[in-house]
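So the chains spell out like this:
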Amino acid sequence: MSNSSTTVDIRQTPQGRLGMWILIAGELIIFGGLIACYLLNRIRYPEWGMEAVHTSTFFGALNTAVLLLSSFTIVLAHTAANNMKPRKAQMYMMLTIIGGLLFLVNKSIEYSREISEGLTFSSPKLVASGKEVGSLFWSFYYIMTGLHALHVVVGMTVIFIIMLQIRKGNNLHRVELAGMYWHMVDLIWIFLFPLLYIAK
Amino acid sequence: MEHTQDNGSVVYPDVKTDYHGHPNYFRVLIYLLVLLGLSLAVFEFNLPANVAIAIVFAVAVWKIGMVIRNFMHLRYEPILIWIAVFAAVFILLAFFWGVFPDVSMVHRELAPKL
């Protein structure tokens, strides 16, 4: 690649991209703060490892693969938009939305299984068995994955709106901006996956 | 501003729509899926748990780097964008290491009961 970061002038950065980077930096603080608090508590309470055993590594890995594939389809939508092919871009955006839906379906299956086992916020089951510290794990789990799922819904909505906007070939640059948001959702999950599903 | 693609051809994109280069996205996806497989397989190698967890998190950071550099095109951004992103990461690390001694070194029995 001929372009490196140092050869590009900040004044050439489109305003939309600049705005997206500022938004992403803000989101990093929100999720990063949550993750840092989780890690600090995890170090303090090693018994959280016993709670993490109940999370499904299969569903976590499946959702990671789904998000990686949907990141790939949205970046293909961006390439198609650059090549002035709105129809093709719309098709890839639809595939991305389907990826998001699949992620949410998997997450709901996971949630329903965990809730039915009594693993909830301040789980009465854990409190009754003297594992109050363990119930805090589930509070973090639901807040982090729930906030992430909310971002998935927002990302799907934004992609859908832009998909409608570009049908006449206008505002094609917005495809990349929606894609940046979607990639951010993806990379947050990439870090949540080992944190909640693998480190047991 | 021109940029060279993987096949060596130089293109002159419209600045409004595309001002950066494009890596081989399919290759990046394959790397990401292989790394996902590695993070799942690492516990099969009978490594000490701490080492396995360290590898899993190193792989996660590597994957994040690949997504942010290639899919989000940070590698083509001016240095000020890098600074803005890494400033956020630095603030988080400062928070984490600032609080870490209080959490890890205070005797657990002195901590407020949950």
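Up top you'll find the structure we're talking about.
Here is a short report on the structure shown in this document.

Brief notes about the overall build of chain B
(1) Moving on: Looking only at helices and strands, chain B has three helices and two strands in total.
(2) Moving on: For chain B, the succession of helices and strands along the chain, N to C, is β-β-α-α-α.
(3) Moving on: Within the span of chain B, comprising 114 residues, buried residues form 38% of the whole.
(4) Moving on: Looking at chain B alone, contacts between residues at least 24 apart form 43% of all its contacts between residues at least 6 apart.

Considerations on the overall build of chain A
(1) Moving on: When its secondary structure is counted, chain A shows seven helices and zero strands.
(2) Moving on: Order of helices (α) and strands (β) in chain A, N terminus to C terminus: α-α-α-α-α-α-α.
(3) Moving on: For chain A, with 200 residues in total, the buried portion stands at 57%.
(4) Moving on: With an accessible surface of roughly 8,100 Å², chain A has 69% of that area assigned to carbon and sulfur atoms.

Overview of unusual backbone geometry
(1) Moving on: We note that Asn171(A) has phi near 55 degrees; this positive angle belongs to a residue other than glycine.
(2) Moving on: Mapped onto the secondary structure, Asn171(A) falls in the loop between α6 (132–165) and α7 (174–198).
(3) Moving on: Judged by relative accessible area, Asn171(A) falls into the partly exposed class, the value being 30%.
(4) Moving on: Despite not being glycine, Asn46(B) has its phi angle at roughly 55 degrees, a positive value.
(5) Moving on: Looking at the secondary structure, you find Asn46(B) in the loop between α1 (25–41) and α2 (49–71).

Observations regarding the packing of helix α1 (residues 15–44) of chain A against α7(A)
Residue and element names in this part refer to chain A.
(1) Moving on: Packing of α1 against α7 brings their axes to within 10 Å, and their N-to-C directions diverge by 10 degrees. Taken as axis vectors, α1 and α7 run roughly parallel relative to one another.
(2) Moving on: Classifying every residue of the contact of α1 with α7 by side-chain character gives 19 nonpolar, one polar and four charged.

Some words on the layout of surface pockets
If a probe as big as a water molecule is rolled over the atoms, it shows which places are left empty.
(1) Moving on: Approximately 850 Å³ is the volume found for the largest pocket.
(2) Moving on: Lining the largest pocket we find 27 residues, and of these Phe191(A), Val61(B), Ile64(B), Val89(B) and Leu92(B) sit closest to its centre.
(3) Moving on: Those elements giving two or more residues to the lining of the largest pocket turn out to be α1 and α7 of chain A together with α2 and α3 (79–105) of chain B.
(4) Moving on: Counting residues per element, the lining of the largest pocket draws most heavily on α3(B), which supplies nine residues.
(5) Moving on: Tallied by class, residues from the lining of the largest pocket come to 24 nonpolar, two polar and one charged.

A closer look at the nonpolar core
Residues and elements named next belong to chain A.
(1) Moving on: Among the nonpolar cores identified, the biggest contains 90 residues, and Trp 21, Met 93, Met 144 and Leu 195 are the most heavily contacted of them.
(2) Moving on: In terms of residue count, α7 provides more of this core than any other element does, 19 residues in total.
(3) Moving on: With sequence-adjacent residues up to four places away left out, Met 93 is seen in contact with Ile 74, Ala 77, Ile 159, Ile 162, Met 163, Ile 166 and Val 175.

Focus on empty space enclosed by the protein
(1) Moving on: Within this structure, the stated rule accounts for two cavities of 30 Å³ or more.
(2) Moving on: Size it by volume and the largest cavity reaches roughly 40 Å³.
(3) Moving on: Along its surface, the largest cavity is lined by Ile74(A), Val75(A), His78(A), Glu176(A), Gly179(A), Met180(A), His183(A), Phe71(B), Met72(B) and His73(B).
(4) Moving on: Going through the elements one at a time, α3 (57–82) and α7 of chain A are the ones with two or more residues in the lining of the largest cavity.
(5) Moving on: Among the elements that make up the lining of the largest cavity, the one with the highest residue count is α7(A) (four residues).
(6) Moving on: Classifying every residue of the lining of the largest cavity gives five nonpolar, four polar and one charged.
(7) Moving on: Considered as a void within the structure, the second largest cavity measures approximately 30 Å³ in volume.
(8) Moving on: Residue lining of the second largest cavity: Ile190(A), Phe193(A), Pro194(A), Ile198(A), Ser39(B), Val56(B), Val59(B), Ala60(B) and Lys63(B), and that is the complete set.
(9) Moving on: For the lining of the second largest cavity, the per-class residue count stands at seven nonpolar, one polar and one charged.

Cut-offs used in this document
- Residues numbered from 1 in each chain as written.
- Chains lettered and ligands numbered in written order.
- Predicted model: local features only at pLDDT ≥ 70, side-chain atom pairs only at ≥ 80, totals over all residues.
- Heavy atoms only, no water.
- Helix = DSSP H or I, 4+ residues; strand = E, 2+ residues; numbered from the N terminus.
- Buried < 20%, exposed > 50% of the residue type's maximum accessible area, 1.4 Å probe, protein only.
- Contact = heavy atoms within 4.5 Å.
- Areas by Shrake-Rupley, 256 points an atom, 1.4 Å probe, with all protein chains shown as cover.
- Axes fitted to C-alpha atoms, helices over the stretch in contact; angles between N-to-C directions.
- Parallel < 35°, antiparallel > 145°, perpendicular 65-115°, else oblique.
- Nonpolar A, V, L, I, M, F, W, Y, C, P; charged D, E, K, R; others polar.
- 1 Å grid on protein atoms, 1.4 Å probe; cavity = no way out; pocket = protein on both sides within 12 Å on 5 of 7 lines; lining within 4 Å.
- Points joined across faces, edges and corners; volume = space filled by probe spheres on them.
- Core = buried A, V, L, I, M, F, W, Y, C linked by side-chain atoms within 4.5 Å.

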